[in-house]
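Residue-level listing of the chains:
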Amino acid sequence: MDIRTTFARARRGFRDDLRLHVVAVASLVVAFLCLGAALLGVENLARVAERWTQSQHMTVYLGTDASESDIAQLRLVLDSLTEVAEVEYINSARARAQFAEQTEMGADVGSLPAEAFPASLELALHASANRTRITKIGERIKSFNAVEDVETYQDWFGQLGSLLDAGRKAVGILALLVAVCVVAVIGNTIRLAVANRRQEIEVLKLCGATDRFVRTPFIVEGILQGLTASVLSLVLLGISYLSLRGQVEDTVVTLTGMQVVFLGPLTVLGVVCGGGLVGALGSALSLRRYLSV
Amino acid sequence: MARVNLDGSGAGFRRTDSHVRGLGRSNPNQPAEKPLLVMEDVYKYFRRDVPTLRNVALEVKRGEFVFVTGPSGAGKSTLLQLIYRKHTVDSGRILFLGRDVARLTERSIPFLRRNLGIVFQDFKVVPHWTVYENVAVSMEILGSPVRVVRSRVAETLERVGLAGRGNERTERLSGGEQQRVAIARAIATEPALLLADEPTGNLDPALAIDILTLFEEIHDAGTTVIFATHDHALLQTSPHRLIVIDEGRLIEASQGLRAWSARMHSLSA
Ligand SMILES: Nc1ncnc2c1ncn2[C@@H]1O[C@H](COP(=O)(O)OP(=O)(O)OP(=O)(O)O)[C@@H](O)[C@H]1O
Ligand SMILES: [Mg+2]
């Protein structure tokens, strides 16, 4: 079959059932927009999580009675650990100053007791350090006399991790729902298109068209619907991203230390190709049921 | 009935059979060749007890023009429908281009139809398509490249008297013009056999003569035509071979029968 003819016939189909196709694409855009937004959220969350795991750290709070030599000995031990990249001593005064700076409490910090700001060793860990190892190190360090408490932040990472997992699952389910929705909408559109074109299908058959010839433009229409809807929704998402970014950027940067980014090229490609594929599937399923050529 | 191909390949009519240009043209210099269409002892039952067609035998040679007539309900449409495999014979054989139409598999039917041009009483054009699209469709089915389709459609529209009207919406055309579009669609692929089932049935008498004339021109250019009609006026204007279907039987009309049928017509008119 001539490829130009196929597209000409699909175009003819779009022309003849224009309203039908516009309504279908519009509702699919909404579905893809939801998916795109969810993907955007999860991709950014994943970036934050990745960055934080790469900049893992641990805080070793020292007791008020810790002597200089205790601290020196502790530092020696810590330096010998392969997981530890860097050790920084922060005394009580600096802790108070840092807190005042971060919270903008200013002079009021002076009213808080000294115990609120224990001296600490801030450990920067190598990205390769895994969670169980970090927990183990934390426990070991805790047994030192000079050490009051150890914060490994592992709970927090655990929470972030499970949040990310939940987000990924949600996106997976959403993607599935969107796929089902696309199959249903396109399937329905093609069913109506088949009904509308009963007459021309009869003509085609009488002129010696094979089943494949009759079906092809419907499949092309399904694919084009899926592609159009996914591309349109990504364009809309991109526009909203660009216009909203300025407003939320500051907040997000302070919260996460990172900027919001748009969907990566692979995700974009995936959404568009997925749209086309699911469109073809919806059309094919519908033809199997409703086109008895 | 078992649907087995004569050659057992499962293919039946394939591209290679068809559309050698001029396949349907007769060559007067050649000795008598095999008939294009042969029906042997064909029976078709729509009801158990009474066959719609019985013991039908017919031979159509390349380049012939055959009228098929008979009262309403006689089975004219059925006869044609058996040829283009809308229906299948209950017994007997229909050989077209040397193959048994009755034994074609479903998959081969499109390839049979590509060798036929079919014109109907109700035109069967797609009303919201343009004239061009309606004519081009039969060639698009063959997979002809767009360039070829364009030039051939223009040529064909000229043949049927619709030159330059390709861009008009078909539903805006008059009945006679729509039938010309349908005829153009049927002949654009230069089929071996042109079947017409009451093509003038929906047209007024003057237009009917015009359309018949058009079929005769197409026939003169070499196409074999089977033309079913119960319009006696048409039968009388043209001295073509005439076949009458009566109570399911096919009768080759002699001159006497022709005169008889004319007299019946004048009595009833
Ligand atoms: N699909 C079908 N199912 C049942 N009976 C049918 C079918 N097609 C035709 N018939 C019957 O076969 C007989 C012949 O019908 P056909 O349409 O061939 O007649 P015709 O000669 O073309 O008539 P007309 O001049 O009115 O078009 C009729 O009695 C009709 O009822
Ligand atoms: Mg009839």
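Thresholds applied
- Residues numbered from 1 in each chain as written.
- Chains lettered and ligands numbered in written order.
- Predicted model: local features only at pLDDT ≥ 70, side-chain atom pairs only at ≥ 80, totals over all residues.
- Heavy atoms only, no water.
- Patch = residues over 30% accessible without salt bridge, like charges linked within 9 Å, V, L, I, M, F, W, Y side chains within 5 Å.
- Areas by Shrake-Rupley, 256 points an atom, 1.4 Å probe, with all protein chains shown as cover.
- Salt bridge = Lys/Arg side-chain N within 4 Å of Asp/Glu carboxyl O.
- Helix = DSSP H or I, 4+ residues; strand = E, 2+ residues; numbered from the N terminus.
- Buried < 20%, exposed > 50% of the residue type's maximum accessible area, 1.4 Å probe, protein only.
- Contact = heavy atoms within 4.5 Å.
- Buried area = accessible area lost by both parts, 1.4 Å probe.
- Polar contact = N/O pair within 3.5 Å; in protein donor to acceptor, adjacent residues only side chain to side chain.
- Nonpolar A, V, L, I, M, F, W, Y, C, P; charged D, E, K, R; others polar.
- Axes fitted to C-alpha atoms, helices over the stretch in contact; angles between N-to-C directions.
- Parallel < 35°, antiparallel > 145°, perpendicular 65-115°, else oblique.
- Left-handed = near helix turned anticlockwise from the far one by under 90°.
- Domains from an automatic or database assignment.

**As for a nonpolar patch on the surface**
Residues and elements named next belong to chain A.
Logical step 1: Together, Val231, Val235, Leu236 and Ile239 make up an exposed nonpolar region whose accessible area comes to about 320 Å².
Logical step 2: Residue placement: Leu236 occurs in helix H8 (residues 211-256).
Logical step 3: A relative accessible area of 40% means that Leu236 is categorised as partly exposed.

**Examining the interface of chain B and chain A**
Logical step 1: On the chain A side, the residues contacting the 24 residues of chain B number 19 residues.
Logical step 2: Carbon and sulfur atoms make up 60% of the area that chain B and chain A hide from each other, which totals about 2000 Å².
Logical step 3: Considering only the side of chain B, the residues that lose the most area to chain A are B:Trp129, B:Glu140 and B:Ile141, jointly responsible for 28% of the buried surface there.
Logical step 4: Linking chain B with chain A are four salt bridges.
Logical step 5: Linking A:Glu202 and B:Lys124 is a salt bridge whose minimum nitrogen-to-oxygen distance equals 3.1 Å.
Logical step 6: Linking chain B with chain A are eight residue pairs in polar contact (both at pLDDT 80 or more), by the criterion used here.
Logical step 7: Among the secondary structure elements, those contributing two or more residues to the side of chain B that touches chain A are helix H2 (109-113), helix H3 (131-142) and helix H4 (146-159) of chain B.
Logical step 8: Broken down by element, the side of chain B that touches chain A gets its largest block of residues, five residues, from H3(B).
Logical step 9: By residue class, the composition of the side of chain B that touches chain A is 13 nonpolar, four polar and seven charged.

**Points about unusual backbone geometry**
Residues and elements named next belong to chain B.
Logical step 1: A positive phi angle, close to 60°, is found at Arg85, a residue other than glycine.
Logical step 2: Inspection of the secondary structure assignment puts Arg85 in the loop between helix H1 (76-83) and strand E4 (91-96).
Logical step 3: At Phe123, a residue that is not glycine, the phi angle is positive and equals roughly 65°.
Logical step 4: Its place among the elements puts Phe123 in the loop between strand E6 (116-119) and H3.

**Brief notes about the packing of helix H6 (residues 154-196) of chain A against helix H9 (residues 265-290) of chain A**
Residues and elements named next belong to chain A.
Logical step 1: Between H6 and H9, whose axes approach to 7 Å, the crossing angle comes to 45°. Compared by their axis directions, H6 and H9 come out oblique. Remark: the crossing between H6 and H9 carries right-handed chirality. Contacts between H6 and H9 involve Ala179, Val182, Val183, Ile186, Gly187, Ile190, Arg191 and Val194 on the former and, on the latter, Val278, Gly279, Leu281, Gly282, Ser283, Leu285, Ser286, Leu287 and Tyr290.

**Re the domain arrangement of chain B**
Residue and element names in this part refer to chain B.
Logical step 1: Each assigned domain of chain B is listed with its residue range as follows: domain 1 (36-115 + 192-269) and domain 2 (125-190).
Logical step 2: Centre-to-centre, using C-alpha coordinates, domain 1 lies 24 Å away from domain 2.
Logical step 3: Opposite the 13 residues of domain 1 that make contact, domain 2 presents 13 residues.
Logical step 4: For the pair domain 1 and domain 2, the two sides together bury roughly 1000 Å², of which 67% comes from carbon and sulfur.
Logical step 5: The largest per-residue losses of area from domain 1 upon contact with domain 2 belong to Arg114, Leu214 and Ile218, which jointly make up 44% of the total buried on that side.

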